[in-house]
Amino acid sequence: MTTDATTPPTPTPLTPTVPARATPAVVLNGLGKQFPGTSIPAVEDVSLVIAPGETICIVGASGCGKSTVLRMLAGFEQPSWGHARVAGVDVRRPGPDRGVVFQDYGLFPWLSVAENVAYGPRQARLPRAEVRERTARVLASVGLERVSDSFPHQLSGGMQQRVAIARVLANEPAVMLMDEPFGALDALTRTEMQHELQRIQREAGITVLFVTHSIEEAVYLGDRVLVMAGGTAHGTPGHVREVVDIDLGPVRDTSSAAFNALERRIDALVHRGNAREDRAA
Ligand SMILES: Nc1ncnc2c1ncn2[C@@H]1O[C@H](COP(=O)(O)OP(=O)(O)OP(=O)(O)O)[C@@H](O)[C@H]1O
């Protein structure tokens, strides 16, 4: 091609910051679920590509299918349509590559804190020395060394949730799936656990999917927020309304104007509610 003074030079192609062929941590492709005996799908057409180390928060009104999406990714529910992939492999059943943390901790009450954390590595038949080393390392990373011999009932809710997170981390999963994990904690402990999760997530470089009813929590923790809408109670399948980028950088000030603007935007998306769907139904 010839150039002259009036022809702008051809721009040099930009080098992509993420290699085009890097395997995504998670791919959700047209994921949908209709439970037996129901007349409309609980969830329809959820698609998202998640990069390794990303935190995706899922928000939306009760019944829009947040947990169902998480449960399909965990392998607890089989999708009726589409598929979920983790590190390029189709999810067919639960597996140690995906750790799940629920609101109710799900600890084994008859095992000590250390035994709860060691449970996964033992099940995976890792050598004893490695189980010991990994358990000690994970307990230290979440600040539980001093209660390692305690039993779950002897701990506060926040501490029990730390144990639940430690138990997942001990399996060194690629993805952590968290369903309202801090929903039962008091406000102060909840904030503390949000800081803690952010730190752990960065240190472990783990990919997180986090379901919450709190828009503030979602904006605080998420790289992106998946806003879901609809739900069988509204006569429409649950679906993705929008995926919002949280371009606030790693240090987030919940009282900043930018933070509040994102909160308001997501709140409006959640509460635009189902008026449109209701009218269409
Ligand atoms: N095993 C099941 N059988 C039949 N219907 C189900 C089953 N599990 C979930 N549902 C229905 O699927 C829909 C989505 O439920 P889901 O728990 O995923 O919603 P959610 O957005 O997580 O709700 P919440 O915020 O209240 O926890 C609801 O209408 C629920 O009743």
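Remember, it's a predicted structure, so these values are computed and weren't measured experimentally.

Q: Is there a simple way to think about the packing of helix α2 (residues 113-123) against helix α3 (residues 128-141) in this case?
A: In a pair of packed helices, the angle between the axes and the distance between the axes together describe the arrangement. At a minimum axis separation of 9 Å, α2 and α3 run at an interaxial angle of 130°. As summarised for this structure, α2 and α3 are arranged oblique, according to the angle between their axes. Pair α2 / α3 crosses with right-handed handedness. Of the residues in α3, those in contact with Val113, Ala114, Val117, Ala118, Pro121 and Arg122 of α2 are Val131, Arg134, Thr135, Val138 and Leu139. Classifying every residue of the contact of α2 with α3 by side-chain character gives eight nonpolar, one polar and two charged.

Q: Help me understand the pairing of strand β7 (residues 175-179), please; the structure alone is not making it clear to me.
A: Both faces of the sheet carry side chains from a regular strand, because those side chains alternate between them. With five of five residues buried, β7 is to be regarded as a mostly interior element. Here β7 shows a buried face lined by Val175, Leu177 and Asp179 and a second buried face lined by Met176 and Met178. Here strand β6 (residues 98-102) pairs with β7 via five bridges, running parallel. Residue pairing across strands places Phe102 opposite Asp179, the latter belonging to β7. The pairing of β7 with strand β8 (residues 207-211) spans five bridges and is parallel. Of the residues in β8, the one forming a bridge with Met176 is Val208. Where the polypeptide runs from β7 across helix α5 (residues 187-204) and back to β8, its parallel neighbour, the crossover connection is right-handed.

Q: Help me out: how do you make sense of helix α1 (residues 66-74) in this one?
A: Because an α-helix packs 3.6 residues into every turn, residues spaced three or four apart end up facing the same way. Across the nine residues of α1, seven count as buried, placing the element largely inside the fold. When we look at burial in α1, the residues that qualify are Lys66, Thr68, Val69, Leu70, Met72, Leu73 and Ala74. Of the residues trailing α1, Gly75 is marked for its positive phi of about 90°.

Q: I would appreciate a short explanation of the site of the ligand in the present structure.
A: The full set of residues close to the ligand is Phe35, Ala42, Ala61, Ser62, Gly63, Cys64, Gly65, Lys66, Ser67, Thr68, His213 and Thr232. Within the contact set of the ligand, an oxygen atom lies 2.9 Å away from a backbone nitrogen or oxygen of Ser67. His213 places a polar side-chain atom, nitrogen or oxygen, 2.8 Å from an oxygen atom of the ligand. The protein chains hide 61% of the 640 Å² of surface that the ligand would expose on its own. Considered class by class, the residues forming the shell around the ligand number four nonpolar, seven polar and one charged.

Q: Before we go on, may I ask you to explain the side chain of Lys66 in this structure?
A: Positionally, Lys66 belongs in helix α1. Here Lys66 occupies a buried position and makes no salt bridge, while the nearest side chain of opposite charge, Glu180, is found at 7.0 Å. In this structure the side chain of Lys66 is engaged in a polar contact, spanning 2.9 Å, whose partner is the backbone oxygen of Gly60. Filtering out sequence-adjacent residues up to four positions away, Lys66 remains in contact with Ile58, Val59, Gly60, Ala61, Val211, Thr212, His213 and Met228.

Q: Sorry if this is basic, but what is going on with the nonpolar core here?
A: Buried together is how nonpolar side chains tend to be arranged in soluble globular proteins. The biggest cluster of nonpolar side chains holds 45 residues, and the ones touching the most others in it are Ile165, Met176 and Ile266. Two domains share this core, each providing at least three of its residues, namely domain 1 (25-30 + 37-97 + 174-272) and domain 2 (109-172). Here Ile266 is in contact with Val59, Ile215, Val219, Val225, Val227, Val244 and Ile246, once residues within four sequence places are set aside. In terms of nonpolar packing, the next biggest core, distinct from the first, is built from 26 residues, Ala25, Leu28, Ala42 and Ile50 among them.

Q: Help me understand the pattern of salt bridges, please; the structure alone is not making it clear to me.
A: Side chains that differ in charge, positive against negative, can pair when their charged atoms come close. For the structure on display, the rule yields 16 salt bridges. Ionic pairing is found between Arg162 and Glu196, a salt bridge with its closest N-O pair at 3.2 Å. One end of the pair, Arg162, is in helix α4 (residues 157-169); the other, Glu196, is in helix α5, and 34 residues separate them in sequence. Classification of Glu196 as buried rests on a relative accessible area of 14%. A salt bridge links Arg190 to Glu217; the shortest N-O distance between them is 3.0 Å. In this pair, Arg190 sits in helix α5 while Glu217 sits in helix α6 (residues 215-221), placing the two residues 27 residues apart along the sequence. By the burial criterion, Arg190 is buried, and Glu217 matches it.

Q: For this particular structure, what's the right way to read α5?
A: The terminal C-alpha atoms of α5, which comprises 18 residues, lie 25 Å apart, in line with the 26 Å expected from a rise of 1.5 Å per residue. Residues Thr189, Arg190, Met193, Gln194, Glu196, Leu197, Gln198, Ile200 and Gln201 constitute the buried set of α5. In this structure, the buried side of α5 is in contact with β3 (55-59), α3, α4, β7, β8 and α6. Of the residues that open α5, the one with a side-chain oxygen 3.2 Å from the backbone nitrogen of Leu188 is Asp186. With its phi angle positive at about 60°, Gly205 sits one or two positions after the end of α5.

Rules used in this analysis
Residues numbered from 1 in each chain as written. Predicted model: local features only at pLDDT ≥ 70, side-chain atom pairs only at ≥ 80, totals over all residues. Heavy atoms only, no water. Axes fitted to C-alpha atoms, helices over the stretch in contact; angles between N-to-C directions. Helix = DSSP H or I, 4+ residues; strand = E, 2+ residues; numbered from the N terminus. Parallel < 35°, antiparallel > 145°, perpendicular 65-115°, else oblique. Left-handed = near helix turned anticlockwise from the far one by under 90°. Contact = heavy atoms within 4.5 Å. Nonpolar A, V, L, I, M, F, W, Y, C, P; charged D, E, K, R; others polar. Buried < 20%, exposed > 50% of the residue type's maximum accessible area, 1.4 Å probe, protein only. Pairing = 2+ DSSP bridges. Right-handed = clockwise from strand over helix to strand, strands pointing away. Near = heavy atom within 4 Å. Polar contact = N/O pair within 3.5 Å; in protein donor to acceptor, adjacent residues only side chain to side chain. Areas by Shrake-Rupley, 256 points an atom, 1.4 Å probe, with all protein chains shown as cover. Lys, Arg positive; Asp, Glu negative; His and termini not counted. Salt bridge = Lys/Arg side-chain N within 4 Å of Asp/Glu carboxyl O. Core = buried A, V, L, I, M, F, W, Y, C linked by side-chain atoms within 4.5 Å. Domains from an automatic or database assignment. Expected span 1.5 Å × (residues − 1).

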